[in-house]
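Coordinate analysis (summary)
The residues making up each chain are set out below.
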Amino acid sequence: MTVTGHGGDGPAGNGAAALPDGVQGGLPPRSKEAHKLDRVVIRFAGDSGDGMQLTGDRFTSEAAAFGNDLATLPNFPAEIRAPAGTLPGVSSFQLHFADYDILTPGDRPDVLVAMNPAALKANIRDLPQGGILILNTDEFTKRNLTKVGYSSNPLEDGSLGGFQVHEVAMATLTRGALEETGLSKKDAERAKNMFALGLLSWMYNRSTEGTERFLREKFRRRPEIAEANVLAFRTGWNYGETTEAFGVTYEVAPAKLPPGTYRQITGNLALAYGIVAAGQRSGLDVFLGTYPITPASDVLHELSKHKNFGVTTFQAEDEIAGIGAALGASYGGALGVTTTSGPGIALKSETIGLAVMTELPLLICDIQRGGPSTGLPTKTEQADLLQAMYGRNGEAPVPVLAPSSPADCFDVALDAARIALTYRTPVLLLSDGYIANGSEPWLLPDLAELPDLRVPFASEANAPDGSGEFWPYLRDPETLARPWAVPGTPGLEHRIGGLEKSDGRGDISYDPDNHDRMVRIRQAKIDGITVPDLEVDDPSGVADVLVLGWGSTFGPIGAACRRVRAAGTPIAQAHLRHLNPMPSNLGDVLGRYRRVVVPEMNLGQLATLLRARYLVDVVSHTKVAGLPFKAEELQMVFDQVLQEVHA
Amino acid sequence: MTTVDLGLPSIGGTAGVPTTDEKQTAKSFTSDQEVRWCPGCGDYAVLAAVRSFLPELRLKRENTVFVSGIGCSSRFPYYLNTYGVHSIHGRAPAIATGLATSRSDLSVWVVTGDGDALSIGGNHLIHTLRRNVNLKILLFNNRIYGLTKGQYSPTSEQGKVTKSTPVGSLDHPFNPVSLALGAEATFVARAMDSDRKQLTEVLRAAAEHRGSALVEIYQNCPIFNDGAFDVLKEPGERERRIVPLRDGEPIRFGPEGEFGVVQDGFELRVRRVSEVGEDAVVVHDASRTDPGYAFALSRLGGQDLEHTPTGIFRSVSRPTYDDLAREQVRQAQESRPADLAALLRGNDTWQVPG
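Focus on the overall build of chain B
The number of helices and strands found in chain B is eleven helices and twelve strands. A compact globule built from 354 residues should have a C-alpha radius of gyration of about 20 Å, and chain B, at 23 Å, falls within 12% of that. Projecting the C-alpha coordinates of chain B onto the three principal axes gives extents of approximately 90 × 50 × 50 Å. Across chain B, every contact between residues at least 6 apart in sequence was considered, and the portion connecting residues at least 24 apart equals 69%. Distance from the positive charge centre (39 side chains) to the negative charge centre (43 side chains) of chain B: 4 Å.

Some details on the overall build of chain A
On a plain count of helices and strands, chain A comes out with 20 helices and 24 strands. Counting only C-alpha atoms and orienting by the principal axes, one finds that chain A spans roughly 90 × 65 × 50 Å. The buried share among the 647 residues of chain A stands at 62%. Long-range contacts, defined as pairs at least 24 residues apart, comprise 77% of the intrachain contacts of chain A with a sequence gap of at least 6. With an accessible surface of roughly 23,900 Å², chain A has 51% of that area assigned to carbon and sulfur atoms. Here chain A contributes 58 positively and 77 negatively charged side chains, and the mean placements of these two sets differ by 4 Å.

Structural notes on the pattern of salt bridges
Residue and element names in this part refer to chain A. Within the structure shown, the criterion is met by 53 salt bridges over all chains. Two residues, Glu632 and Arg108, come together in a salt bridge whose shortest N-O distance is 3.5 Å. Note that Glu632 is positioned in helix H20 (residues 631–646) and Arg108 in the loop between strand S5 (90–98) and strand S6 (111–114), a separation of 524 residues in sequence. Its relative accessible area of 30% is what places Glu632 among the partly exposed residues. Accessibility expressed as a relative area gives 34% for Arg108, which makes it partly exposed. Note that Glu469 is salt-bridged to Arg505, the shortest N-O span being 3.1 Å. Of this pair, Glu469 sits in the loop between strand S17 (439–443) and strand S18 (495–497) while Arg505 sits in the loop between S18 and helix H16 (512–527), and the two are 36 residues apart along the sequence. By relative accessible area, Arg505 is classed as partly exposed at 31%. Sharing partners across several salt bridges, the network here consists of Asp408, Asp415, Arg418 and Arg577.

A word on the interface of chain A and chain B
Contact residues are listed per partner, giving 67 residues for chain A and 56 residues for chain B. Around 5,100 Å² of area is buried between chain A and chain B when both sides are counted, 61% of it from carbon and sulfur atoms. Among the residues of chain A in contact with chain B, A:Asn308, A:Glu317 and A:Arg495 are the three that bury the most area, contributing 15% of the side total. Summed over the shared surface of chain A and chain B, the result is two salt bridges. A salt bridge links A:Glu317 to B:Arg131, with the shortest nitrogen-to-oxygen separation between them at 2.8 Å. Counting every contact that joins chain A to chain B gives 24 residue pairs in polar contact (both at pLDDT 80 or more). For the side of chain A that touches chain B, the secondary structure elements donating two or more residues are helix H1 (52–66), strand S10 (260–266), helix H9 (267–282), strand S12 (311–315), helix H11 (319–331), helix H12 (342–358), S17 and S18 of chain A. Looking at the side of chain A that touches chain B element by element, the count peaks at seven residues for H11(A). Class assignment of the residues belonging to the side of chain A that touches chain B gives a composition of 36 nonpolar, 21 polar and ten charged. For S10(A) and strand S12 (residues 349–352) of chain B, the ladder comprises four bridges, and the chain directions are antiparallel. Counted as the bridge partner of A:Tyr262 is B:Trp350 from S12(B).

Quick notes on the sheet that holds strand S7 (residues 132–136) of chain A
All names here are of chain A. Pairing in this open sheet of six strands is mixed, and the strands run S4-S5-S3-S6-S7-S8 from one edge to the other. Every interior strand has two partners, whereas the edge strands, strand S4 (69–75) and strand S8 (164–168), have only one. Taking each pair of neighbouring strands and ignoring which way they run, the sheet shows an average axis angle of 15°. Contacting S6, S7 and S8, helix H4 (residues 170–177) crosses the sheet at an angle of about 60° to S7.

Describing the packing of aromatic side chains
In this description, a pair of aromatic rings is defined by centroid distance and the angle of the planes. All names here are of chain A. With the rule as written, the count across this model stands at 22 aromatic pairs over all chains. When the ring of Phe44 is compared with that of Phe59, the centres are 6.1 Å apart and the planes differ by 55°; the resulting orientation is tilted. Remark: Phe59 occurs in helix H1 and Phe44 occurs in strand S3 (residues 39–47); sequence separation between them is 15 residues. Side by side, Phe44 and Phe59 carry an identical accessibility label, which is buried.

Side note on the environment of A:Thr181
All names here are of chain A. Locating Thr181 in the fold gives a position in the loop between H4 and helix H5 (185–189). Sequence-wise, Thr181 and Ser92 are 89 residues apart; in three dimensions their C-alpha atoms are separated by 29 Å. One polar contact links the side chain of Thr181 to the main-chain amide nitrogen of Leu183, over a distance of 3.3 Å.

Brief notes about the side chain of B:Arg241
Residue and element names in this part refer to chain B. Its place among the elements puts Arg241 in helix H7 (residues 237–241). One polar contact links Arg241 to Glu237, side chain to side chain, over a distance of 2.6 Å. For Arg241, the contacting residues outside a window of four places in its chain are Val231, Leu232, Asp304, Leu305, Glu306, His307 and Thr308.

Let's talk about the sheet that holds S12(A)
Residue and element names in this part refer to chain A. Ordered in space as S12-S11-S13-S14-S16-S15-S22, the seven strands form an open sheet in which the pairing is mixed. Whereas interior strands pair on both sides, the edge strands pair on one side only; in this sheet they are S12 and strand S22 (578–580). Summarising the sheet, strand S11 (residues 286–290) and S12 pair through five bridges and their orientation is parallel. Considered in S12, the bridge of Gly289 is made with Phe314.

Topic: the pairing of strand S20 (residues 545–550) of chain A
Residues and elements named next belong to chain A. Among the six residues of S20, six are classified as buried, and the element is accordingly described as predominantly covered. Taking every second residue as pointing to the same face, both faces of S20 are buried, with Val545, Val547 and Gly549 on one and Leu546, Leu548 and Trp550 on the other. Pairing geometry for S20 and strand S23 (residues 595–600), over three bridges, is parallel. Looking across to S23, one finds that Val547 is bridged to Val597. The sheet contact formed by S20 and strand S21 (residues 572–576) spans five bridges and is parallel. The residue bridging Trp550 from the neighbouring strand is Leu576, located in S21.

Side note on the confidence of the model for chain A
Predicted coordinates in regions of low pLDDT should not be interpreted in detail. Per-residue pLDDT for chain A has a mean of 93; in total, 95% of the residues score no lower than 70. Within the model, the stretch residues 1–28 of chain A combines pLDDT values under 50 with 59 contacts to residues more than four positions away or in other chains.

Some thoughts on the confidence of the model for chain B
Overall, the predicted model of chain B reaches an average pLDDT of 95, with 97% of residues at or above 70. Both scores are given for the predicted complex: the pTM is 0.93, the ipTM 0.97.

Overview of the pairing of strand S10 (residues 267–272) of chain B
Residue and element names in this part refer to chain B. Inspection of the sheet shows strand S9 (residues 259–264) paired to S10 by six bridges, in the antiparallel sense. Bridge pairing links Val261 to Val270 in S10. Between S9 and S10, which pair antiparallel and follow one another directly, the connecting turn spans two residues, one of which, Gly265, has a positive phi of 65°.

A closer look at H16(A)
All names here are of chain A. Here H16 is 16 residues long and its end C-alpha atoms lie 23 Å apart, about the 22 Å a rise of 1.5 Å per residue gives. Restricting attention to buried positions, one finds in H16 the residues Asn514, Met518, Val519, Ile521, Arg522, Lys525 and Ile526. Buried residues along H16 cover an arc of 160° about the axis, so they all sit on one side. Projecting away from the buried face of H16 at angles above 90 degrees are the exposed residues Pro512, Asp513 and Arg520.

Calculation criteria
Residues numbered from 1 in each chain as written. Chains lettered and ligands numbered in written order. Predicted model: local features only at pLDDT ≥ 70, side-chain atom pairs only at ≥ 80, totals over all residues. Heavy atoms only, no water. Helix = DSSP H or I, 4+ residues; strand = E, 2+ residues; numbered from the N terminus. Rg over C-alpha atoms; globule rule 2.2 N^0.38 Å. Contact = heavy atoms within 4.5 Å. Lys, Arg positive; Asp, Glu negative; His and termini not counted. Charge placed at Lys NZ, Arg CZ, Asp CG, Glu CD. Buried < 20%, exposed > 50% of the residue type's maximum accessible area, 1.4 Å probe, protein only. Areas by Shrake-Rupley, 256 points an atom, 1.4 Å probe, with all protein chains shown as cover. Salt bridge = Lys/Arg side-chain N within 4 Å of Asp/Glu carboxyl O. Buried area = accessible area lost by both parts, 1.4 Å probe. Polar contact = N/O pair within 3.5 Å; in protein donor to acceptor, adjacent residues only side chain to side chain. Nonpolar A, V, L, I, M, F, W, Y, C, P; charged D, E, K, R; others polar. Pairing = 2+ DSSP bridges. Axes fitted to C-alpha atoms, helices over the stretch in contact; angles between N-to-C directions. Phe/Tyr/Trp six-rings, centres within 6.5 Å; stacked < 30°, edge-to-face > 60°. pLDDT = per-residue confidence, 0-100. Expected span 1.5 Å × (residues − 1). Arc of directions from axis to C-beta.

What follows is the structure, encoded as structure tokens:
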């Protein structure tokens, strides 16, 4: 029988119990009954040192290689190693995989793997009744239970009665299996995450070859550790196969996605690749000036590996120097890029203003996290929108774009680079922790179809008075962009800077009328940027309520809209990639609906902009919990709005 | 941790910058902008010295860039007919680092002041110096904030009465040369705005140096701190206070050359040569690898300018950040093709059939 999740909420199908399709990996054929599922949500939870992110990543890779659609949600503390076994030290990785296209990492897990009491306590409230709970019993000692405030052992006090509990002594079993390897007890126990992965791989009929290959590659300098991990992994697999505790396995068939070649990708990786691609497509060297900050540092790590693409990475002494160096490189004719999170944007503001004034291309990536101040470094939020729009002194308009999913970061990076290079302006790209660390399958793009980002440097004097002078602020009538005249070009020597310029000639000017004109020209240049029209998804064509989102809320909003539609009510969805300037048809779109709902992970920043600009009293739904919306909660919000509208 | 020795040859400061046979003069380097410093400002003298000196380098004018921060001295780029960026307060070294790293064919100069470089921009200055980016940094020190009209600066003497310190400043001042040497700058020098000959010599050596060159220029502000360096200019006083540094020569000074610098434990001190003997006088060697010697020299002069060494304190060779960064990119480009399709594909792909 095919069921949705493990008793989940999707449309259930019919069918006979099926046997597994044969041999998995290099392991013996399996003997147990397999149930078909259309989707599953698994959450691995353990101590920060337990390797839960790696475990989740591996399972994700296997699901991807198998052809499932998937979405992931890593969730970890800001502390590198909080005290072991404590609630603040719990790290988790949630993975949603399915045989159809899915939009979110899932509201609730069907399966919770808890490696210790802290992981159980921190996550059990998310597991629905009847859900599968796999516990590493070795860690359920009196001391560990006390540490997280359990007065009695949940394994014994009946509090887990509503779940399908599997008690597995993972550490003991792993240690036992590795006895012969000569590894220390401590080292052997560290492989227990691979035991858990092996067990889950067995449960969900996943191939084992990929993981074994991965482990041997990862630990290639320490083959004994590699083999120990492989052994632990196989032990977990065999444990599922041979013990009676696990009576059934589950199968989730490959998803029917558009044809092509896919890979799995996180948002930060896609962003880094987008930046490399922008360099290639523009024919420019890329210069990343940056400073490490969570959750943006992975973009620096990734780009530092790709020097062969003409990418220079500069880890500066601070955020300000990072963007300063990037702007210096842009002045010299490179594609200057800086990456950061909200606190870094605060520090970079003055240099963004200089880039606005000097009208040089610059790509500024803000991987948003919980704020204000240091806030929640490892959690997600989208509360930097107004900072991106207005967080500078003076009238300093900057184009703002936001990717809607991990893979979308690639396209948006290219689009942001297009705008920066074409219009000679700093551009802000607003990603966030959710899509930065989350992953999904990515249909590899056709390189020939990537945009051509080449722009010419100025090479000749341009003064309209025939004087043979070079006027650095004489504009292209179409784009209003000024010429990009890089040092080394004879005859175009000129001086630019933060002081106001005279229109055209670009000399310092304190003239009141000139300043008024220049402020308006800089604004008009940004307002005139070509962005595609907003497309509305409304399969019914008759919806009278529109949900409008931006950034990483795309998945949860889409999933919630599907649920509303599945229940028979039309609802329209649209998503803004371009926050500044907004698509020119946005006003018309907003006017077509009786009610517009705007869900945001802030206190209503886009809603504020829409109300101010279009005088539309949108319904603002907000949450700032450091976690993405759940489809279920948005569905309830949409249902309520629909009821009010149709009452 | 592993390190990679890139084995770069030792090359001059302007290597890689295109040269020209065209006749250049101070006028060729003069822009059409009206100079707007106060009458009598020391900046005029420095501007004149730089305009006359630049033609010596025979570099193409378009391959010279001046980057400045904010302050009176930071208006400098507007008055030179080269490329120029008048950036934001304290950040010129950062912007110049990006430019110099991405463009090996440019001669990049930074013009800054004591407030710009040592207060708001202190962090960028020390990190630029430790990285040894191939930049020539001209630090105009007038020991006051001029553009904001007369507050004390990080080089103002303690107790200074200014608009913001009506009963005297409390801060202990920086010695910019000591600070630069503490950051292990590879080239550190000091000159006076009024001594054109020495200033030009120092500029020449700075330009020839591959790596960060910090040149502190004592510069008079006639409006807010007039006469700050008069004791170093008055005949009689001047000879008693200025300690000229000449490579390979004993460090002697005084109206009759009667004073000398001698080693005393870990420190250097001024003594009458007649008392210690000529052999005790330290022979100046700017190429000492350890910055300790140059640092000791920089400590001879306190905030009261009692003894003030001028000239080149330190000039040593160390690979520059920008050369090394470009070399890493070059090696990567040589060893691995830029195959975008392969990069995007990665190692784990799967097919969804049509």
